[in-house]
Amino acid sequence: MDKPFLRATLVLFTALLAMPAFGPALAHDHQHPELNGWYESLQSGKGPCCDGSDARRVDDADWDTKDGHYRVRLEGEWVDVPEDAVVTGPNRAGRTMVWPYYLDGHPRPRCFMPGSMG
């Protein structure tokens, strides 16, 4: 292995270790397997939400209502939640969750389940 390649690999590895571990907070609580079936049953007018593994937990400061419709902040961008993306029924997890997808590089809610603010 030549020295420039080794040096570049070491620099990249060091940079990766120094990066903070940011990423979505997954909503599915693996400490509560009794909710697995409930997560799998969730769906909106857009279809199944999945099993919760790709859901994101949403802090109270990152969602609200405006003009009678929900809004959610995804990756720093406030996005209106379409009516057909709202998951109806009781929220057994208690916290607000969103299942995003991307359209033209922008996050959009496939499913949104409000929690109890506070």
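Analysis parameters
Residues numbered from 1 in each chain as written. Predicted model: local features only at pLDDT ≥ 70, side-chain atom pairs only at ≥ 80, totals over all residues. Heavy atoms only, no water. Phe/Tyr/Trp six-rings, centres within 6.5 Å; stacked < 30°, edge-to-face > 60°. Buried < 20%, exposed > 50% of the residue type's maximum accessible area, 1.4 Å probe, protein only. Helix = DSSP H or I, 4+ residues; strand = E, 2+ residues; numbered from the N terminus. Pairing = 2+ DSSP bridges. Axes fitted to C-alpha atoms, helices over the stretch in contact; angles between N-to-C directions. Salt bridge = Lys/Arg side-chain N within 4 Å of Asp/Glu carboxyl O. Contact = heavy atoms within 4.5 Å.

## As for the packing of aromatic side chains
Across all of its chains, the model carries four aromatic pairs by this definition. A ring pair is formed by Trp63 and Tyr70, whose centres lie 5.9 Å apart and whose planes are at 45°; its orientation type is tilted. For Trp63, a relative accessible area of 5% corresponds to the buried category. The class of Tyr70 is partly exposed, set by a relative accessible area of 24%. Aromatic side chains Tyr70 and Phe112 sit 5.1 Å apart centroid to centroid with 45° between the ring planes, which places their arrangement in the tilted category. With Tyr70 in strand β5 (residues 69-74) and Phe112 in strand β8 (residues 106-113), this pair connects stretches of sequence that are 42 residues apart. A residue is classified by how much of its surface remains accessible, and Phe112, at 0% relative accessible area, is buried. Here the aromatic cluster, defined as three or more aromatic residues joined through ring pairs, consists of Trp63, Tyr70 and Phe112.

## Overview of the sheet that holds strand β7 (residues 96-103)
A sheet is described by the order of its strands in space; here three strands give the open sequence β3-β7-β8, paired in antiparallel fashion. Two strands in the sheet have a free side with no partner beyond their single neighbour: β3 (56-58) and β8. In this sheet, adjacent strand axes meet at a mean angle of 45° when their direction is disregarded.

## Description of the environment of Gly45
Looking at the element boundaries, Gly45 is found in the loop between β1 (43-44) and β2 (47-48). On the accessibility criterion, Gly45 (64% relative accessible area) is exposed. C-alpha of Gly45 to C-alpha of Ala85: the two residues are 40 residues apart in sequence and 5.8 Å apart in space.

## Here's the deal with the pattern of salt bridges
Under the defined criterion, the tally for this structure stands at five salt bridges. As a salt-bridge pair, Arg56 and Glu75 come within 3.4 Å of each other at their nearest N and O atoms. Of the two residues, Arg56 is situated in strand β3 and Glu75 in the loop between β5 and β6 (77-80); the sequence distance between them amounts to 19 residues. Overall, the relative accessible area of 19% leaves Arg56 in the buried class.

## With respect to the side chain of Arg71
Topologically, Arg71 is positioned in strand β5. Given the relative accessible area of 18%, Arg71 is considered buried. Sequence-distant contacts of Arg71, defined by excluding residues within four places in its chain, comprise Asp62, Trp63, Asp64, Lys66, Trp78, Val79, Asp80 and Val81.

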